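# Structural overview for review
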Amino acid sequence: MRIVSTMFLAMFLGALTANMAQAQDARERRAGELLSRNLCAECHIVSDAQRGPVLDGVPSFPTLARSKRTNAQLRAWLTDPHPPMPDLPLSEREIASVIAYIRSFSD
Ligand code: HEC
């Protein structure tokens, strides 16, 4: 009996932790989406719903997500973007959120 209740407790805690991690991921993506709409949408297509106007030749976020770029490469770019992309004052946390949002297109 004790073993069974311990197992249930372990399963319950496992599910709870997984739920909390999922909620955290969702919050992070949502924060990234808001940042992207505010800071990136003038040049990039940042969602499947956006219809421009944007600059020619600038990769859309869904395209970036499906490209071979790793998270580390995206982070490096966003930490130190090169012209013609402007240098955006993003914090580490904001960069992580934006990357989580970009990744959501290839999940
Ligand atoms: C004023 C226009 C502008 C804004 C605003 C802008 N970008 Fe860019 N971005 C560009 C251009 C232009 C390129 C293409 C640069 C190139 O290919 O040389 C680019 C390229 C990129 C790339 C690809 C880099 C690579 O590996 O080739 C990423 C990722 C990116 N932008 C993310 C973002 C994010 C995230 C934001 C918002 C936080 C943002 N950009 C805001 C113009 C902009």
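As a reminder, the structure under discussion sits directly above these lines.
Predicted, not measured: the structure shown is a model, and the values here were computed from it. (Residues numbered from 1 in each chain as written. Predicted model: local features only at pLDDT ≥ 70, side-chain atom pairs only at ≥ 80, totals over all residues. Heavy atoms only, no water.)

Here the focus is the nonpolar core. Counting residues in hydrophobic clusters, the biggest one holds 17 residues, and the most contacted among them are Phe 61, Leu 78 and Ile 102. Mapped onto this core, the elements with two or more residues apiece are helix H2 (61-66), helix H3 (71-79) and helix H4 (92-103). With five residues, the single largest contributor to this core is H4. Apart from the residues within four sequence positions on either side, Leu 78 is in contact with Met 85, Ile 95, Val 98 and Ile 99. (Core = buried A, V, L, I, M, F, W, Y, C linked by side-chain atoms within 4.5 Å. Buried < 20%, exposed > 50% of the residue type's maximum accessible area, 1.4 Å probe, protein only. Helix = DSSP H or I, 4+ residues; strand = E, 2+ residues; numbered from the N terminus. Contact = heavy atoms within 4.5 Å.)

Cis geometry marks the peptide bond from Pro 83 to Pro 84, where omega comes out at 5°. As for its placement among the helices and strands, Pro 84 is situated in the loop between H3 and H4.

Turning our eyes to something else, we now look at helix H1 (residues 2-39). Along its 38 residues, H1 runs 55 Å from first to last C-alpha, staying within 8% of the 56 Å computed at 1.5 Å per residue. Inspection of H1 places Gly 32, Glu 33, Leu 35 and Ser 36 among the buried residues, and these make up the whole buried set. Those residues of H1 that are buried are in contact with H2 and H4. (Expected span 1.5 Å × (residues − 1).)

Taken together, 17 residues lie near the ligand, and Cys 40, Cys 43, His 44, Arg 69 and Met 85 sit nearest. Measuring from an oxygen atom of the ligand, one finds a side-chain N or O atom of Arg 69 at 2.6 Å. At 3.4 Å, a side-chain N or O of Trp 77 approaches a nitrogen atom of the ligand. Elements with a minimum of two residues in the shell around the ligand: H2 and H3. Tallying contributions element by element places H3 first for the shell around the ligand, with three residues. The residue makeup of the shell around the ligand, split by class, is 15 nonpolar, one polar and one charged. (Near = heavy atom within 4 Å. Polar contact = N/O pair within 3.5 Å; in protein donor to acceptor, adjacent residues only side chain to side chain. Nonpolar A, V, L, I, M, F, W, Y, C, P; charged D, E, K, R; others polar.)

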